[in-house]
Structure formats: C-alpha cells, structure tokens
Amino acid sequence: MAELNVSPPSLPLAPNEYERRYQDQLNNVLRLFFARLSNPGDMGGTSLNLDINTLPTETDLPNLRVGDVYRDTTSGSTNQALRIKTST
C-alpha cells in the first residue's frame, strides 16, 4: 500500500544551459519521491470498518503475510477474536 498523502517534491530550478549537476539533483529528488510513494509507511487512523464475514480465519494462516488480520474461530462461533499474524 502506498502512502496516500504524499506532497509533491520541490524540484530544483533548471539552469539556462545543460548541467549534469542539475540533472543529478532532479533525478535524486524524483527517485526519493517515487520511493516514498511505493513504500508503505506507518499509517494512522481513528476508525476502521471491517466486514467480519470476509476476513480470513486461522485455517488461512499459511497463505497470510505477517501483519495480516484474521478471525480466530478456534474458541467457538460466539467469541471470534481478531488476531494479527506475527510470524511466518
């Protein structure tokens, strides 16, 4: 998941003639910007809406990634706690 609220970078002003230093700076700024867009970071929120019926259960653990949420149905159908996969 990419960061959603990433501000565009301030690009360096171009010189009147070609300069390698300017191109290097521009490429570096753009590289950092795109890396930030494509790398997930910490996300904050005040609420989370989940459809409990669409979440995987502990039987899906082998197919889940670390950090994925699943329903623990081992304790019975009335008490299905949400768990987070913490190891492979």
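All of these numbers come straight from a predicted model, not from anything done at the bench.

Peer 1: So, the overall build of the chain: which residues are in play, and what are the values?
Peer 2: The helix and strand tally for the chain stands at 1 helix and 2 strands. When its helices and strands are written in sequence order, the chain yields α-β-β. Classification of the 88 residues of the chain by burial places 15% in the buried group. Considering only contacts within the chain whose residues lie at least 6 apart along the sequence, 24% involve residues at least 24 apart. By element, 50% of the accessible surface of the chain is carried by carbon and sulfur atoms, the whole surface being about 7500 Å².

Peer 1: Go over the pattern of salt bridges with me, naming the residues and quoting the values.
Peer 2: In this structure the tally under the stated criterion is 3 salt bridges. The residue arginine 65 makes a salt bridge to aspartate 68 at a minimum N-O spacing of 3.4 Å. Arginine 65 sits in the exposed class, given a relative accessible area of 60%. Note that aspartate 72 is salt-bridged to arginine 83, the shortest N-O span being 3.0 Å. Linking aspartate 72 in strand S1 (residues 69-72) with arginine 83 in strand S2 (residues 81-84), this pair joins segments that are 11 residues apart in sequence.

Peer 1: So what's going on with the environment of threonine 59? Which residues, and what values?
Peer 2: On the secondary structure map, threonine 59 appears in the loop between helix H1 (20-38) and S1. Residues threonine 59 and aspartate 72, 13 residues apart in the sequence, show an inter-C-alpha distance of 8.9 Å. One polar contact links threonine 59 to threonine 57, side chain to side chain, over a distance of 2.8 Å.

Peer 1: Before we move on, could you go through a nonpolar patch on the surface and cite the residues and values that matter?
Peer 2: A contiguous nonpolar surface patch, about 530 Å² in accessible area, is contributed by Leu48, Leu50, Ile52, Val69, Leu82 and Ile84. Within the secondary structure layout, leucine 82 lies in strand S2.

Peer 1: Help me get a handle on the side chain of glutamate 58, residues and values and all.
Peer 2: In this fold, glutamate 58 is placed in the loop between H1 and S1. Here glutamate 58 is buried and forms no salt bridge, its nearest opposite-charge partner arginine 71 lying at an N-O distance of 7.6 Å. A polar contact of 2.7 Å, which involves the side chain of glutamate 58, links it to the side chain of threonine 73. Sequence-distant contacts of glutamate 58, defined by excluding residues within four places in its chain, comprise Tyr70, Arg71, Asp72, Thr73 and Thr74.

Peer 1: Talk me through the environment of alanine 81; I want residue IDs and the actual numbers.
Peer 2: For alanine 81, the location among the structural elements is in strand S2. Among the residues examined, alanine 81 registers a relative accessible area of 24% and is labelled partly exposed. Between the C-alpha atoms of alanine 81 and arginine 71, which are 10 residues apart in sequence, the distance is 5.9 Å. Contact partners of alanine 81, with chain neighbours within four places excluded, come to Tyr70, Arg71 and Asp72.

Rules used throughout
- Residues numbered from 1 in each chain as written.
- Predicted model: local features only at pLDDT ≥ 70, side-chain atom pairs only at ≥ 80, totals over all residues.
- Heavy atoms only, no water.
- Helix = DSSP H or I, 4+ residues; strand = E, 2+ residues; numbered from the N terminus.
- Buried < 20%, exposed > 50% of the residue type's maximum accessible area, 1.4 Å probe, protein only.
- Contact = heavy atoms within 4.5 Å.
- Areas by Shrake-Rupley, 256 points an atom, 1.4 Å probe, with all protein chains shown as cover.
- Salt bridge = Lys/Arg side-chain N within 4 Å of Asp/Glu carboxyl O.
- Polar contact = N/O pair within 3.5 Å; in protein donor to acceptor, adjacent residues only side chain to side chain.
- Patch = residues over 30% accessible without salt bridge, like charges linked within 9 Å, V, L, I, M, F, W, Y side chains within 5 Å.
- Lys, Arg positive; Asp, Glu negative; His and termini not counted.

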